[in-house]
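# Overview (structure and organization)
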Amino acid sequence: DEGQLNMDAELLDGGQLHWSGEATINPLASRGLLTLSRLSLESLSGLLKERLEPFHPKGSLALSLSYLAGIEPSGIHLSIDRFEGELIRDDTSSIN
């Protein structure tokens, strides 16, 4: 069985998650697009505090990736077709 799925969620720091794709049960597999936007760099820096100690990042991060994943007899398979990211600084300029 196969189905088109969509999911939108707001993250605790105000970021947004959007996922759309297809999923199958037999075989267990998924293909889709995952987009994260407005991820707070300040919140993310808490995860990397030891590595970013002298820095106090301001702004947000946006990420998007297209993927294909599944479970095969040989193991779990994951391929990423496209990966994009954008760093948005507080002064409204951006770095791609």
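The rules behind the values
Residues numbered from 1 in each chain as written. Predicted model: local features only at pLDDT ≥ 70, side-chain atom pairs only at ≥ 80, totals over all residues. Heavy atoms only, no water. Salt bridge = Lys/Arg side-chain N within 4 Å of Asp/Glu carboxyl O. Helix = DSSP H or I, 4+ residues; strand = E, 2+ residues; numbered from the N terminus. Contact = heavy atoms within 4.5 Å. Pairing = 2+ DSSP bridges.

## Focus on the pattern of salt bridges
Considering all chains together, one arrives at one salt bridge under this definition. Here Arg 82 and Glu 84 are joined by a salt bridge, their closest N and O atoms 3.1 Å apart.

## What to know about the side chain of Ser 66
Mapped onto the fold, Ser 66 is located in strand 4 (residues 60-72). What Ser 66 contacts, discounting residues up to four positions off in sequence, is Gly 32, Leu 33, Ser 79, Ile 80, Asp 81 and Arg 82.

## Looking at the pairing of strand 2 (residues 16-24)
Where strand 2 meets strand 3 (residues 29-40), nine bridges bridge the pair, whose relative direction is antiparallel. In the strand pairing of strand 3, His 18 is matched with Thr 35. Linking two consecutive strands that pair antiparallel, namely strand 2 and strand 3, is a turn of four residues.

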